[in-house]
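Report on the structure
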Amino acid sequence: SRTHDAIAGLEPPESSEEESEIAAEVGPGGRTGVMLRLISRPEGASVPEIMAATGWLSHSVRAAVASSLRARLGYQIEHLKGPDGGGYRVLSYPR
């Protein structure tokens, strides 16, 4: 396709080691970062609240918690039970 041909030769921008260290301290960016800030509050955040802030559907919220935050980044996250799909709260941060 034309889109594939247009991006085939593109290289990702190089980042310095210092930029990588700063990014690691700050945490993930984009919508995952938005979600992390929401669930880092003492009361956590409901799934509908995260959906509204990120534009994700509920299954995408659950996938981001399971794969990005828990598995890849090492956050310990509590699932909060509730009538509207529950929510999440960060229990501990990765070292």
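Everything numeric in this text was worked out from a predicted model, so none of it was measured.

**Topic: the overall build of the protein chain**
- Along the protein chain, the regular secondary structure elements total five helices and three strands.
- In the protein chain, the succession of α and β elements from N to C terminus is α-α-α-β-α-α-β-β.
- Counting all 95 residues of the protein chain, 26% fall into the buried class.
- Restricting the contact set of the protein chain to residue pairs at least 6 apart, pairs at least 24 apart contribute 44%.
- For the protein chain, the exposed surface amounts to about 6,700 Å²; the carbon and sulfur share of it is 54%.

**Some words on the pairing of strand 2 (residues 76-80)**
- Pairing between strand 2 and strand 3 (residues 87-92): five bridges, direction antiparallel. Bridging across to strand 3, Q76 finds its partner in S92.

**Structural notes on the sheet that holds strand 2**
- The strand order 1-3-2 describes an open sheet built from three strands, whose pairing is antiparallel. The strands lining the two open edges of the sheet, one partner per strand, are strand 1 (45-46) and strand 2.
- Pairing geometry for strand 1 and strand 3, over two bridges, is antiparallel. Paired with S46 across the bridge in strand 3 is G87.
- Across the face of the sheet, helix 3 (residues 30-39) comes into contact with strand 1, strand 2 and strand 3 while running at roughly 80° to strand 3.

**Remarks on the confidence of the model for the protein chain**
- Looking at the protein chain as a whole, its pLDDT mean stands at 79, while 71% of the residues score no less than 70.
- Across residues 18-26, confidence stays below pLDDT 50; counting only partners more than four residues off in sequence or on other chains, it has two contacts.

**Quick look at the environment of L69**
- Mapped onto the elements of the fold, L69 is located in helix 5 (residues 58-72).
- Taking C-alpha positions, L69 is 9.7 Å from G33, a pair spaced 36 residues apart along the chain.

The rules behind each value
Residues numbered from 1 in each chain as written. Predicted model: local features only at pLDDT ≥ 70, side-chain atom pairs only at ≥ 80, totals over all residues. Heavy atoms only, no water. Helix = DSSP H or I, 4+ residues; strand = E, 2+ residues; numbered from the N terminus. Buried < 20%, exposed > 50% of the residue type's maximum accessible area, 1.4 Å probe, protein only. Contact = heavy atoms within 4.5 Å. Areas by Shrake-Rupley, 256 points an atom, 1.4 Å probe, with all protein chains shown as cover. Pairing = 2+ DSSP bridges. Axes fitted to C-alpha atoms, helices over the stretch in contact; angles between N-to-C directions. pLDDT = per-residue confidence, 0-100.

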